[in-house]
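The chain contents come next:
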Amino acid sequence: MSEDKKHNYSADSIQALEGMEHVRMRPSMYIGDVGTRGLHHLVYEVVDNSIDEALAGHCDVISVDINEDNSITVRDNGRGIPVGLHKKEGVSALEVVMTKIGAGGKFDKDSYKVSGGLHGVGVSCVNALSEHLKATVFRDGKIWEQEYEKGKTLYPVKSVGGTDKKGTEVTFTPDKTIFEQTTEYNYETLAARMRELAYLNKGITVTLTDKRNKDDEGNIIVETFHSNEGLSEFVRYLDSTRTPVIQHVIAMEGEKNGIPVEVAMIYNDSYSENLHSYVNNINTHEGGTHLSGFRRGLTGTLKKYADNSGLLKNVKYEIAGDDFREGLTAIISVKVAEPQFEGQTKTKLGNREVTSAVSQAVSEMLTDYLEENPNDAKTIVQKVILAAQARHAARKAREMVQRKTVMSIGGLPGKLSDCSETDPAMCEIFLVEGDSAGGTAKQGRDRNFQAILPLRGKILNVEKAMQHKVFENEEIKNMFTALGISIGTEEDPRALNLSKLRYHKVVIMCDADVDGSHIATLILTFFFRYMRDMVEQGYIYIATPPLYLVKKGQKREYAWDDNQRDLIAHKLGGSVTIQRYKGLGEMNAEQLWDTTMNPEFRTLRKVVIDSATEADRVFSMLMGDEVPPRRDFIERNAKYANIDA
Ligand code: 0RA
């Protein structure tokens, strides 16, 4: 190697190193956070590369293994990352992909990179945040290998044998010094994402294997996700516990103005609207131009059809955009070459040109369906009319809530025991099941910054109630008023105004038993359907009261599970008395403070939405009419005794 070349090589590699160092210094800039979410993001980032290879038509099977030590292996049967010399960098292309920030796919200009993680940062970022990573490439009859530690190359790419396979395999162990909170993967979280990817990219087979545990028969847990029909199957999956009111899923797939658009939708007999939108396989929680396009296409087409049908003749109410979406479950998926993401969580599509593409696609699809299925068309129009009537009733109820909220200075609910602090960032409110536990919490709290709002018994199941019933409900009105949240423009009745939010921690505190989790689930369902921004902005928490009090003489210790109870009993030795708390009511104020409310010792579980589609499905299943899937779910999840939605 000439002096010159050597010099260039080291200069470039220093630059590469700097990029990688930056990822380690500011990981949140690249993967969002270094908690559970960021940890799982690493997997999505690697899988996205394989999805791209599949979308380019070179691979159809992707496998993800959670290994025994919580390392992850992602495998595909694509062309294999090139291993030859990368002329500009002077090292193997594989090494460039793995160690240069932003290098992914750069050398294949024609490849149309459509997926890409939330931030599209590439596998090098995963490498930087892994204590160890091994890349294996099966290509040209040979097996190639390279390993890294914290993103630093351990040895040049080498051939370690022959093969007739092709593809890429990456195994990485997340760095514990970066992911301090946890490096343990959650199976359900990964499964939800793999399922979603399979639906969004039909024809690809994704398998997920959990090598850490065995099922009851001693087998390793493997799930295979594959969809032949894509989005229409996804919609059917999401609505599997709801009752459809039309014959078929309405679906289309095609290109409009050069933008690939895929839409599937169905109407069910519920009152909620479930729209999920994706750009390049990323769930756009905050919506954006593609969602506006969908709404516009839907409203325009249905309005036109309804006007022409004569069904609106005797309808006194004006029909609003919202009315067309009651009981609608829909998925919109677009692929955009250079997406602009906006919004608080960078999940709102900004590209203007997408609106008309989606709107046109939806109009065409829906017009055809209505023509071909006149009975369904009639059902939909009648449903829309009912929704309009209900909306008028809801508006009256909502205005009542609004008025109460506006008056809230001095007009707080009588049942609220407020705190004295006025800075919302310092304030917490506990939503407590039942008046008696509410009383204990009131005595136990630190009144400086903790407020208590007791909720009576079972709160309304919003999953099954019409909107006006929800806004008329006493407990729900109290929650809006106490939290200082106002709602609802005519255009979007569920839009929240959080500018006067009075507490930045809203803690759901329920008994640690079946009834308690039912109530917690009802409250969560309410927040998910009517105050989703509160959840997405991280204001909602769940308290974790202990299950046991272990006593010996004057010694008292608390346990949150059976294992801990046994350990404490063992530690205290001899004859201990064990009290199983059946509810918060069995604790006195001091105990409740010590275990559940005192910020120094309590554990609050922040409620996060891993997968909005999965949360939607689970809530409708848990709160819907069908019993068997609910029983199944509870049995499968009972051992965790918590809610991870
Ligand atoms: C660029 C070019 C080529 C393959 C890939 C990228 C590739 C990347 C990944 C990442 C995970 N799995 C992958 N599989 C393929 C190949 C170009 C060629 O062979 O001509």
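Source: prediction; values computed, not measured.

**Q** I'd like a rundown of the packing of aromatic side chains, residues and numbers included.
**A** Tallied over the entire structure, the rule returns nine aromatic pairs. Taking the centre distance of 4.8 Å and the plane angle of 10° together, the rings of Tyr199 and Phe234 count as stacked. In this pair, Tyr199 sits in helix H6 (residues 187-200) while Phe234 sits in helix H7 (residues 231-238), placing the two residues 35 residues apart along the sequence. On the accessibility criterion, Tyr199 (13% relative accessible area) is buried. Judged by centre distance (6.0 Å) and plane angle (90°), the rings of Phe480 and Phe526 are edge-to-face. In this pair, Phe480 sits in helix H13 (residues 474-483) while Phe526 sits in helix H14 (residues 514-530), placing the two residues 46 residues apart along the sequence. Clustering of aromatic rings is evident, with ring pairs tying together Phe471, Phe480, Phe526, Phe527 and Tyr530.

**Q** Outline the site of the ligand, supporting the account with residue identities and numerical values.
**A** Around the ligand sit 11 residues in total, of which Asn49, Glu53, Asp76, Ile81 and Arg139 are the nearest. Here Asp76 contributes a side-chain N or O atom positioned 2.7 Å from a nitrogen atom of the ligand. Between the ligand and Arg139 there is a distance of 3.1 Å, counted from an oxygen atom to a side-chain nitrogen or oxygen. In the complex, the protein chains occlude 76% of the 450 Å² of accessible area that the ligand would expose alone. Within the shell around the ligand, the residues separate by chemical class into three nonpolar, four polar and four charged.

**Q** Outline the sheet that holds strand S19 (residues 428-433), listing residues and values.
**A** Read across the open sheet, the five strands follow the order S20-S19-S23-S24-S28; overall the sheet is mixed. In this open sheet, the two edge strands, each paired with only one partner strand, are strand S20 (450-455) and strand S28 (604-606). Between one strand axis and the next, the sheet turns by 30° as a mean value, whatever way the strands run. With three bridges joining them, strand S23 (residues 505-509) and strand S24 (residues 540-543) adopt parallel strand pairing. Paired with Val506 across the bridge in S24 is Ile540. Helix-sheet contacts for helix H11 (residues 435-444) involve S19, S20 and S23, and the interaxial angle to S20 is about 170°. Docked against the sheet, H13 engages S19, S20 and S23, running at close to 170° with respect to S20.

About the cut-offs
- The written sequence of each chain sets the order in which its residues are numbered from 1.
- Reporting in this predicted model follows two pLDDT cut-offs: at least 70 for local features of residues, and 80 or more for side-chain atom pairs to be given and counted; totals over whole chains, interfaces and linings ignore these cut-offs and use all residues.
- Where side-chain values are given, they derive from all heavy atoms of the structure, hydrogens and water being excluded.
- Pairing of aromatic rings covers Phe, Tyr and Trp, the last counted by its six-membered ring, and requires centre-to-centre distances within 6.5 Å; plane angles under 30 degrees mean stacked, over 60 mean edge-to-face, and any other angle means tilted.
- Helix and strand labels come from DSSP, where a helix needs a run of H or I of at least four residues and a strand needs a run of E of at least two; each type is numbered from the N terminus.
- Note on exposure labels: buried denotes an accessible area under 20% of the residue type's maximum, exposed denotes more than 50%, and partly exposed covers the range between, all computed with a 1.4 Å probe on protein chains only.
- Each residue is tested against the molecule or strand, and it is near if at least one of its non-hydrogen atoms lies within 4 Å.
- Side-chain atoms alone can form a polar contact between residues adjacent in sequence; in general such a contact is a pair of N or O atoms within 3.5 Å, and within protein one must be able to donate a hydrogen while the other accepts it.
- Accessible surface is estimated by sampling points in the Shrake-Rupley manner with a 1.4 Å probe; for residues, cover comes only from the protein chains shown.
- Residue polarity follows a fixed list, in which Ala, Val, Leu, Ile, Met, Phe, Trp, Tyr, Cys and Pro are nonpolar, Asp, Glu, Lys and Arg are charged, and the others, Gly among them, are polar.
- If DSSP finds at least two bridges between two strands, the strands pair.
- To get an axis, a line is fitted to the C-alpha atoms, and for a helix only the part in contact is used. The angle between two axes follows their N-to-C directions and goes from 0 to 180 degrees.
- Contacts are assigned to residue pairs that have any heavy atoms within 4.5 Å of one another.

Shape is all these values report; function is a separate question.
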